[in-house]
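# Chains, contacts and geometry: an overview
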Amino acid sequence: MEERQTARLLPEMTKELEVIIGLEVHAQMNTNTKMFCGCDNDAWNKPPNTTVCPICMGHPGTLPVPNRSAIEKAITASLALGATVQPDNHFDRKHYFYPDLPAGFQISQYDFPLAKGGSVPYAVADASGKTIEERTCRLIRLHVENDAGKLSHYGDRTLCDFNRAGTPLMEIVTEPDLRSAQEAVAFVQELRRILIAVNASDADMFKGMMRFDASISLREKGSKKLNPRSEIKNLNSFKSLEKALTYEGKRLADLWKKDSGPLPHDITVGWLDDEEQTRMLRDKETATDYRYFPEPDIPPMQFSTKDIENICKDLPPLPRELKARYTSLGLTDAEVNLLVNEPVLRRLFDAVHGKTGDAKRTSGIVLTQLVGFLNAHRKGLHEAPSPEHLLALVASIDAATISANTGKDVLEKMVKKGVSATDIIASEGLKQISDTSAIEAAVDRAIAQNPKAIESYKNGKTQALGAIVGWVMKETKGQANPGMVNEILRKKLG
Ligand code: ZN
Ligand code: MN
């Protein structure tokens, strides 16, 4: 009490407050089976409690067997994040009682995690996708664990679905390097891109495959001290992460001003999506004791340098490398982001660019025309033409079989009907006329039919030539080679 009063008598604080944020990210791995049993790992839209077995239901006497693919994916992710895979590590039991945790403990990793260290460089962008700041967030660790089931609350009743129980998770813990809610979101978006790029997680936010616990505290700018923090539990979207951190940051700042300082001790809060505010769950005095001890049913894991090298050599390019590569081609930030985020578009772009060597033209075909037609006809990216079909279209344009303009129409039909360019060109008779005698005949007809235009051209009105070319193009249903029409017309008119 005394202390408080003294604090209030201090002069008004003038120092600016700085926000300190650290995250724990849980990402579900996209393996076929669960972490320690053979159950289907894809429980999406499956009836409740159907993808379960005695192991993931925690029945007594069952033995967990680690999923090799999950461990490999977690190692791949660790390497992609620059973390160091620990040669010796093991699983631990983390005990707590909750109705969605059938065994009464979670199999996780405590003091010997799979990987330590690492960092994620990321860009903070404005609303248009333009990079405004480059930053880096260091990582503390990455470990493997299994997920719990899922509770659904209906009034005074609660239902439990164990389909999710036992699905493999990576938990990634950051250093408190983030300085705003916007940075936190930009960081997790980059992390998500990396996990997807190395095929460790589908990270589908809608399906809850990525969830965040966010710790936030304040300090006076210039101070190096870390103050007690408020931990916001279980955020499952970028929006709620941003809103919850913004709300809690403001709440802590108000408390700071009122009480002249930081929180007295760590607290845990929950985020109420509907009310857009946090709610106190527990404070330090009641902090949980998980009574960790080494999992006795699973032997420790050891990885040799060779094991890790073998996984390392198959590492696909990271989003950051892709970004640098496409930026160097002279594409805009928005175009680059589209390519980094969408592997389907990337494959198509790479195929066409590999053939044409022209980034601007390729972007026009793939990112403007194709994406535009897909949107216009409400088609998903998975319904886009194959790289082979798109290359056939580009080849037809380059061989002057069709004009670039007709090529655009053909591309729209490819999207609409899902058939190849060659089929459309053949079935609709779109082949460009490059036969000199055929064009000459059309030009002769044009001269005979358009005396007025010819007259004004001869009187020096050069733009009249365009009208005559247009007439020929119309006559030939756009199939005449416009360059040749121009050339022959000029020759004939002397
Ligand atoms: Zn199972
Ligand atoms: Mn965890």
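It should be emphasised that the depicted structure is a prediction, and the values quoted were computed from it without experimental measurement. Counting restarts for each chain, with residues numbered from 1 along the sequence as it is written. Each chain takes a letter, starting from A, and each ligand takes a number, starting from 1, following the order in which they are written. This being a predicted model, a pLDDT of at least 70 is required before a residue's local features are given, and a value of 80 or more before pairs of side-chain atoms are given or counted; all residues contribute to the totals for chains, interfaces and linings. With hydrogens and water excluded, all non-hydrogen atoms of the structure serve as input to the side-chain values.

## Focus: the domain arrangement of the protein chain
- Domain start and stop positions are those given by an automatic or database domain assignment. When the domains of the protein chain are assigned, the result is domain 1 (2–310), domain 2 (319–427) and domain 3 (436–492).
- Taking only C-alpha atoms, the centre of domain 1 and the centre of domain 2 are 39 Å apart.
- Taken residue by residue, the interface counts 12 residues in domain 1 and eight residues in domain 2.
- Using a 1.4 Å probe, buried area is obtained as the accessible area two parts lose upon being combined, added over both of them. Both faces combined, the contact of domain 1 with domain 2 buries some 710 Å², and carbon together with sulfur accounts for 48% of it.
- We note a salt bridge from glutamate 134 to arginine 320, for which the minimum N-O separation is 2.9 Å.
- Any N or O atom pair separated by 3.5 Å or less is treated as a polar contact, with the protein-specific requirement of one donor-capable and one acceptor-capable atom, and with residues adjacent in sequence counted only for side-chain atom pairs. Summed over the shared surface of domain 1 and domain 2, the number is four residue pairs in polar contact (both at pLDDT 80 or more).
- Under the DSSP-based scheme used, a helix requires at least four consecutive residues in state H or I and a strand at least two consecutive residues in state E, with every element numbered from the N terminus. Elements with a contribution of two residues or more to the side of domain 1 that touches domain 2: β7 (119–125), β8 (131–146) and α3 (181–197).
- For the side of domain 1 that touches domain 2, the element with the most residues is α3, which contributes four residues.
- Residues belonging to the side of domain 1 that touches domain 2 are distributed by class as follows: five nonpolar, three polar and four charged. Residues count as neighbours in contact if any of their non-hydrogen atoms are within 4.5 Å of one another. One speaks of a salt bridge when a side-chain nitrogen belonging to Lys or Arg is within 4 Å of a carboxyl oxygen belonging to Asp or Glu. In this count, Pro and Cys sit with the nonpolar residues alongside Ala, Val, Leu, Ile, Met, Phe, Trp and Tyr, while Asp, Glu, Lys and Arg are called charged and the others, Gly among them, polar.

## What to know about the nonpolar core
- If you look at the biggest cluster of nonpolar residues, it comprises 69 residues, and the most contacted ones within it are Leu23, Phe187 and Leu241.
- Looking at this core element by element, the count peaks at nine residues for α3.
- When residues no more than four places from it in sequence are discounted, the contact partners of leucine 241 are Leu23, Ala184, Val185, Val188, Phe212, Ala214 and Leu235.
- Here, nonpolar core means buried Ala, Val, Leu, Ile, Met, Phe, Trp, Tyr and Cys residues that are tied together by side-chain atoms lying within 4.5 Å of each other. Whether a residue is buried, partly exposed or exposed follows from its accessible area with a 1.4 Å probe, protein chains only, as a fraction of its type maximum: under 20%, in between, or over 50%, in that order. If you look at the next biggest cluster of nonpolar residues, it comprises 32 residues, including Val340, Val371, Ile397 and Met414.

## As for the environment of proline 317
- Within the secondary structure, proline 317 sits in the loop between α5 (305–312) and α6 (319–327).
- Along the chain, proline 317 and proline 264 lie 53 residues apart, while their C-alpha atoms are 45 Å from each other.

## Focus on the pairing of strand β1 (residues 17–28)
- Of all 12 residues in β1, nine are buried, a share of seventy percent or more.
- For β1 and strand β11 (residues 168–174), the ladder comprises five bridges, and the chain directions are antiparallel. Bridge assignment links alanine 27 to a residue of β11, and that residue is methionine 170. Any two strands between which DSSP finds at least two bridges are classified as paired.

## Concerning the coordination of the zinc ion (ligand 1)
- Distances from the zinc ion (ligand 1) to its protein donors, Cys37 (SG), Cys39 (SG), Cys53 (SG) and Cys56 (SG), fall at 2.3 to 2.4 Å.
- Geometry at the zinc ion (ligand 1) is tetrahedral, judged from the four donor atoms that bind it and their angles of 100 to 115° at the metal.
- Sites may look incomplete, because water is not among the atoms used; the donor set itself consists of N, O and S atoms within 2.8 Å of the metal (3.2 Å for Na, K and Ca). In primary sequence terms, the donor set of the zinc ion (ligand 1) follows C-x1-C-x13-C-x2-C. With cysteine 37 in the loop between β1 and α2 (68–80) and cysteine 56 in the loop between β1 and α2, this residue pair connects regions lying 19 residues apart in the sequence. Neither residue differs from the other here; cysteine 37 and cysteine 56 are each classed as buried. A four-donor site is called tetrahedral if each angle lies between 85 and 135 degrees; a four-donor site is square planar, and a six-donor site octahedral, when trans pairs exceed 155 degrees and the remaining angles lie between 65 and 115; all other cases are labelled irregular.

## Here's the deal with the coordination of the manganese ion (ligand 2)
- For the manganese ion (ligand 2), the full set of protein donor atoms is His26 (NE2), Glu145 (OE) and Glu171 (OE), at a range of 2.0 to 2.2 Å.
- Mapped onto the polypeptide sequence, the residues donating to the manganese ion (ligand 2) form the spacing pattern H-x118-E-x25-E. With histidine 26 in strand β1 and glutamate 145 in strand β8, the pair connects residues that are 119 residues apart, well separated along the chain. Per residue, the accessibility class of histidine 26 equals that of glutamate 145, and both read buried.

## Description of the packing of helix α14 (residues 451–458) against helix α15 (residues 464–475)
- To obtain an axis, a line is fitted to C-alpha atoms, over the contacting stretch when the element is a helix, and the angle between two such axes runs from 0 to 180 degrees between their N-to-C directions. Between α14 and α15, whose axes approach to 8 Å, the crossing angle comes to 150°. Judged by the angle between their axes, α14 and α15 are roughly antiparallel. As for the relative orientation of α14 and α15, their crossing is left-handed in sense. Contacts from Ala453, Ile454, Ser456 and Tyr457 in α14 reach Ala464, Leu465 and Ile468 in α15.
- Looking at the contact of α14 with α15 residue by residue, the classes come out as six nonpolar, one polar and no charged. The labels follow the angle: roughly parallel below 35 degrees, roughly antiparallel above 145, roughly perpendicular from 65 to 115, and oblique for the rest. By definition, any crossing whose near helix is turned counterclockwise from its far helix by less than a right angle is left-handed, and any crossing with a clockwise turn is right-handed.

## Quick look at unusual backbone geometry
- In this structure, asparagine 199 is a non-glycine residue whose phi angle is positive, near 60°.
- Relative to the elements of secondary structure, asparagine 199 occurs in the loop between α3 and β12 (210–220).
- Of note, glutamate 276 is a non-glycine position whose phi angle comes to about 55°, a positive value.
- Tracing the backbone shows glutamate 276 in the loop between β14 (267–272) and β15 (277–283).
- On the accessibility criterion, glutamate 276 (39% relative accessible area) is partly exposed.

## Some remarks on the sheet that holds strand β4 (residues 92–95)
- Taken in spatial order, the three strands of this open sheet run β5-β4-β16, and their pairing is antiparallel. Strand pairing shows two members of the sheet lacking a second neighbour, β5 (105–108) and β16 (293–294), which therefore form its edges.
- Bridge count for β4 against β5 is four bridges, and the pairing is antiparallel. Note that in β5 the partner of lysine 94 across the bridge is glutamine 106.

## With respect to the pattern of salt bridges
- Considering all chains together, one arrives at 26 salt bridges under this definition.
- The closest approach of N and O atoms between aspartate 266 and arginine 229, which form a salt bridge, is 3.9 Å. Of the two residues, aspartate 266 is situated in the loop between α4 (238–259) and β14 and arginine 229 in the loop between β12 and β13 (230–235); the sequence distance between them amounts to 37 residues.
- For aspartate 266, a relative accessible area of 30% translates into the label partly exposed.
- The class for arginine 229 is partly exposed, based on a relative accessible area of 37%.
- Among the salt bridges present, the one from arginine 361 reaches aspartate 398, with a minimum N-O distance of 2.9 Å. One end of the pair, arginine 361, is in helix α9 (residues 359–376); the other, aspartate 398, is in helix α10 (residues 387–398), with 37 residues separating them in the sequence.

## Comments concerning α15
- Multiplying one less than the number of residues by 1.5 Å gives the expected span of a helix. With 12 residues, α15 should reach 16 Å at 1.5 Å per residue; the first-to-last C-alpha distance of 17 Å fits that figure.
- Among the residues making up α15, those that are buried are Ala464, Leu465, Ile468, Val469, Val472 and Met473.
- Residues of α15 that are buried sit in contact with α13 (436–449), α14 and α16 (482–492).
- Downstream of α15 by one or two residues, lysine 477 has phi in the positive range, about 55°.

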